[in-house]
Amino acid sequence: MRPTFSIIFFTVASGAGYGLWILAGWLILLAPRLAEDRNAWAANDLVCAALCAGFLLVSAGLVSSLAHLGQPQRAWRALSQWRSSWLSREGVAALLCYLPAGTMLLACILGSWTSADAIHANSTNWLLRMAGSRGAGAVLALMAIITLFCTANIYACLKPIRAWHNRFVVPGYLLLGTYSGALWAWLLSGVTQASLAPPSLLIGICSAAVAGGLLKLAYWQFLDKPAPQAPDATGLGALGNVRSVEQPHTEENYLTHEMGFRIARKHARKLRALVLACGFSLPALLAALALVLPSASAWASWFAVLIGMGGIFVERWLFFAEAKHAVMLFYGARSA
Amino acid sequence: MTSLPAPSTRKLGLVIDLDICVGCHACAVACKEWNDGGAFGPLPDADPYGAEPHGVWFNRVHTYEISGIGNRESGIEKAGAARKSPCASSIPHSPLPIPAATQSVHFPRSCLHCETPACVTVCPTGASYKRAEDGIVLVDEDKCIGCQLCAWACPYGAREFSAKRGVMQKCTLCVDRIYNETLEPHDRQPACVKACPTRARHFGDLGDENSDVSKLVAERGGYALMPELGYQPVNRYLPPRPRRDASQLKPTIHPEPSDETPMPPLLRWIDRVLSR
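All of these numbers come straight from a predicted model, not from anything done at the bench.

## Considerations on the overall build of chain B
Part 1: For chain B, the count of helices and strands is 8 helices and 13 strands.
Part 2: Across chain B, contacts joining residues at least 24 apart in sequence account for 65% of those joining residues at least 6 apart.
Part 3: For chain B, the accessible surface area stands at approximately 13500 Å², while carbon and sulfur atoms represent 56% of it.

Pasting the structure below:
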């Protein structure tokens, strides 16, 4: 499948954005506990920054996804078929996710709820009370997870593409979204606080990186294993060996352009190594470094985000470039 | 609405005879011609007269070679089994080697108007739909946002994206011909069927057991493409019939008549004159 920049950017950026929102929601869920903590104020600054950065990442991703459409001005129509279409569900979920996120962001901007106690004290301000509540945090995290789940299923539901229609895709999107969100959260913790990142976040980053790397390794192992049996596209296989001797057209057509992408597939091995190194190993090492050497946390987080997001971008590029479509069997492909 | 309608009893579709298709592309050209001006048209090409023309066609005719035909009850099987490998051998008296147990098959590919088409259910806008009354799968090009997910969902390559129009386009089964009362009744067939010079394409109701197309499918063992994917295509392909193996034929070249052959006196004289 042809990797299109707009879609890769969409899934990577909005994935990180939803990851941030999941973490922000999670932090708010734990807010009462944080409030007792000495760092509560700072932690709530982190929540605000995470909401804000998440908003920017998610919005940039969604706008980018519009660039892939042939008729972007009709994009609103995509909200109608949520009963059958994962793409439509994703659109609906993405918009619904803005409700808790937007409300909470508004509350942040109003700047009145840096302490959870303050909100509970001020019973008249229903917006701030609602936005700072555990319920709102839970709703935000849940909606962000649902949106990521829908995004992943846009790909996972496509049976003609073996590289997408498998059990690794949905966990991959969820895990990598949360993981990249955590990298951003680490960066934001440095920016907002100019000091330490919570050790739990760093430990989380390390474990998510290990899990992500293992998941990708398992996925690639699945991809490299020959399919049990490539479908007999023409149905002529029962007669003998079928070989495509003449193509229907002399020039490239939409199908061969879109589904027959093979440029740089030969570099897949090196790119996979790059994903493992930049996407997972280096950020994990940097996080581990920050754990033992807290003074390095601020600059390490910048490197981790830059390198990690670059690695995940390559991962997403490979997700498309390595995927083969069954229609290419008609064009003489050996496997799909 | 991209949710599928209840299965209809009427299932309009095509039956394509791979035995007699000669790969002339007349179906593809006739389709392009009709649909460029039809109700769903136009089908504009990018750079049509340039170095790299690029555009939407609803029909694509592939050509395949089938070699090593060995698992079928025919003369071909015996011929193939007699040799170690079913490769090139020569006809006696022929300077050209021909491959044994090999045949070419021309394979027109178009929308199969599946009964449970994923291209319809993945559509986020409702632009793709399956008609409840006859099962034809269509795209409402005024609603399509051009996300191309339906083309990804189709394993048969039935849908092509028009870069010029920014929407997805596909075979309409010539819905603007088959119900078109301004046409003569015998013309109310898809353009590809009308154009086929070998009558390799047949149009009809595959939901009706007694229709001509259903009988043809039953008689010739018509099959669906990639049924294991579960989309239940309506269109059927009729497999090529077993071929005779040319390498097993007796030489049929008749020796020229020699001079000794008795000829009438007049012819003998003409022969003598011409032989000087």
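## Focus: the packing of aromatic side chains
Part 1: Under the defined criterion, the tally for this structure stands at 28 aromatic pairs over all chains.
Part 2: Note on phenylalanine 261 of chain A and tryptophan 317 of chain A: the rings are 6.1 Å apart at their centroids and 80 degrees apart in plane angle, and the pair reads as edge-to-face. With phenylalanine 261 of chain A in the loop between helix H10 (254-258) and helix H11 (268-292) and tryptophan 317 of chain A in helix H12 (residues 297-321), this pair connects stretches of sequence that are 56 residues apart.
Part 3: For phenylalanine 261 of chain A, a relative accessible area of 7% gives the class buried.
Part 4: Here tryptophan 317 of chain A falls in the partly exposed class, since its relative accessible area comes to 22%.
Part 5: Each member of the aromatic cluster is reached from another via a ring pair, and the members are Tyr155, Trp164, Phe168, Tyr173, Tyr219, Phe222, Phe319 and Phe320 of chain A together with Trp152 of chain B.

## Regarding the confidence of the model for chain B
Part 1: When pLDDT is averaged along chain B, the result is 84; 82% of the residues meet or exceed 70.
Part 2: Considering only residues more than four positions removed or in separate chains, one finds that residues 71-98 of chain B, a stretch of pLDDT under 50, has 45 contacts.

## Side note on the sheet that holds strand S12 (residues 201-205) of chain B
Residue and element names in this part refer to chain B.
Part 1: With mixed pairing, 3 strands are arranged side by side in an open sheet as S12-S1-S13. The two strands at the open ends of the sheet, each matched to only one other strand, are S12 and strand S13 (236-238). Across the sheet, the axes of successive neighbouring strands diverge by a mean angle of 25 degrees, strand direction being ignored.
Part 2: Judged from the 3 bridges that link them, strand S1 (residues 12-17) and S13 form a sheet pairing that is parallel. Residue pairing in the sheet places valine 15 in a bridge with arginine 236 of S13.
Part 3: Across the sheet, helix H7 (residues 212-220) lies against S1, S12 and S13, angled at about 120 degrees from S12, the strand it touches most.

## Re the packing of helix H1 (residues 5-29) of chain A against helix H7 (residues 134-156) of chain A
Residue and element names in this part refer to chain A.
Part 1: Contact geometry of H1 with H7 gives a least axis separation of 7 Å together with a crossing angle of 155 degrees. Accordingly, the angle class assigned to the pair H1 and H7 is roughly antiparallel. Crossing geometry of H1 relative to H7 is assigned as left-handed. Within the contact between the two elements, H1 uses Ile7, Phe10, Thr11, Gly15, Tyr18, Trp21, Ile22, Ala24, Gly25, Trp26, Ile28 and Leu29 and H7 uses Arg134, Gly137, Ala138, Leu140, Ala141, Ala144, Ile145, Thr147, Leu148, Thr151 and Tyr155.
Part 2: For the contact of H1 with H7, the class distribution of residues is 16 nonpolar, 6 polar and 1 charged.

How each quantity is defined
Residues numbered from 1 in each chain as written. Chains lettered and ligands numbered in written order. Predicted model: local features only at pLDDT ≥ 70, side-chain atom pairs only at ≥ 80, totals over all residues. Heavy atoms only, no water. Helix = DSSP H or I, 4+ residues; strand = E, 2+ residues; numbered from the N terminus. Contact = heavy atoms within 4.5 Å. Areas by Shrake-Rupley, 256 points an atom, 1.4 Å probe, with all protein chains shown as cover. Phe/Tyr/Trp six-rings, centres within 6.5 Å; stacked < 30°, edge-to-face > 60°. Buried < 20%, exposed > 50% of the residue type's maximum accessible area, 1.4 Å probe, protein only. pLDDT = per-residue confidence, 0-100. Pairing = 2+ DSSP bridges. Axes fitted to C-alpha atoms, helices over the stretch in contact; angles between N-to-C directions. Parallel < 35°, antiparallel > 145°, perpendicular 65-115°, else oblique. Left-handed = near helix turned anticlockwise from the far one by under 90°. Nonpolar A, V, L, I, M, F, W, Y, C, P; charged D, E, K, R; others polar.

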